[in-house]
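Chain and residue survey
Below, each chain spelled out in residue letters.
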Amino acid sequence: MGKDLIILGAPGAGKGTLAAGLCPALQIKHISTGDLLREVIASGSALGQELNGYVSSGALVPDELIGRMIKDRLGAEDCKAGVLLDGFPRTIPQAEMLEEILAGLQRPLGAVFYLSVDLERVIRRLVSRVSCQQCGRPYHLVNLPPKASGVCDDCGGQLIQREDDKEETIRKRYATFMEKTRPLIAFYQAKKLLVEVAASDNPQDALNFVLQQPGVQQ
Ligand SMILES: [Zn+2]
């Protein structure tokens, strides 16, 4: 039977790292809604064109369309063994929609992992990220610093911080995430599907913990 899982976490909580370890270990697909949206639009399919109408005008994509996109993807051959959903659902109506989609595919939801992380840790992690203005090479001022301060090793370009990684932006995004996600956490808690994963400095700890959970085991 397939193993369908959800991952929730504030920006900077380490979702990407956990997903990169978890999906190969369970042989499931990592479905990031943002990436999927770009892929479907790029495919030029009827659904892609419809989605593009909203995205290109900056309008909010209706849940019904997002649901159709997720349903198509989950039903695909390479998702039969299961998926890790990242970026969907974001709201209770979306969570209810997902229940319907999975019921239609006769696939029960295995678990919902919530990567909890405190704001100070997120800030420590993200404010140190910079990248080269010229070639885009990423650096981390603590873990992967450039040889000369503020200058790219490869091309000599100037290292800059993304707007998203500025402390004030991080604080805002974190607050928005917590506010929006709290109802979803309660929703899955009530269904006994929520597993809280404490963020750790060692990503392997989080992965080991997740792999031991009942909803994940073979
Ligand atoms: Zn460079």
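A few points on the structure. Computed from a prediction, not measured in an experiment: that's the story for all the values here. (Residues numbered from 1 in each chain as written. Predicted model: local features only at pLDDT ≥ 70, side-chain atom pairs only at ≥ 80, totals over all residues. Heavy atoms only, no water.)

Glancing now at the coordination of the zinc ion. Every protein donor of the zinc ion is listed here as Cys 132 (SG), Cys 135 (SG), Cys 152 (SG) and Cys 155 (SG), and their distances to the metal cover 2.3 to 2.4 Å. With four donor atoms in place around the zinc ion and angles of 96 to 119° between them, the coordination shape is tetrahedral. Sequence spacing of the donors to the zinc ion: C-x2-C-x16-C-x2-C. Residue classification places Cys 152 among the buried residues on the basis of a relative accessible area of 4%. Owing to a relative accessible area of 33%, Cys 155 belongs among the partly exposed residues under this scheme. (Donors = N, O, S within 2.8 Å, 3.2 Å for Na, K, Ca; no water. Tetrahedral: all angles 85-135°; square planar, octahedral: opposite > 155°, others 65-115°. Buried < 20%, exposed > 50% of the residue type's maximum accessible area, 1.4 Å probe, protein only.)

One pass over the structure, following the stated rule, counts one aromatic pair. On the numbers, 5.0 Å between centres and 85° between planes, the contact of Phe 187 with Tyr 188 is edge-to-face. For Phe 187, a relative accessible area of 14% translates into the label buried. (Phe/Tyr/Trp six-rings, centres within 6.5 Å; stacked < 30°, edge-to-face > 60°.)

Next up on the list: helix 7 (residues 167-190). In this model, helix 7 (24 residues) spans 34 Å end to end at C-alpha, consistent with the 34 Å of a helix rising 1.5 Å per residue. Along helix 7, the sharpest kink reaches roughly 40°, centred on Thr 181 and followed within four residues by the proline Pro 183. Every buried residue of helix 7 is accounted for by Ile 170, Tyr 174, Phe 177, Thr 181, Leu 184, Ile 185, Phe 187 and Tyr 188. Buried residues in helix 7 make contact with strand 1 (4-9), helix 5 (92-104), strand 4 (109-116), helix 6 (119-126) and strand 8 (194-198). Directly after helix 7, the chain includes Lys 192, whose backbone phi takes a positive value near 55°. (Helix = DSSP H or I, 4+ residues; strand = E, 2+ residues; numbered from the N terminus. Expected span 1.5 Å × (residues − 1). Bend = angle between axes of the 7 residues up to and from the residue. Contact = heavy atoms within 4.5 Å.)

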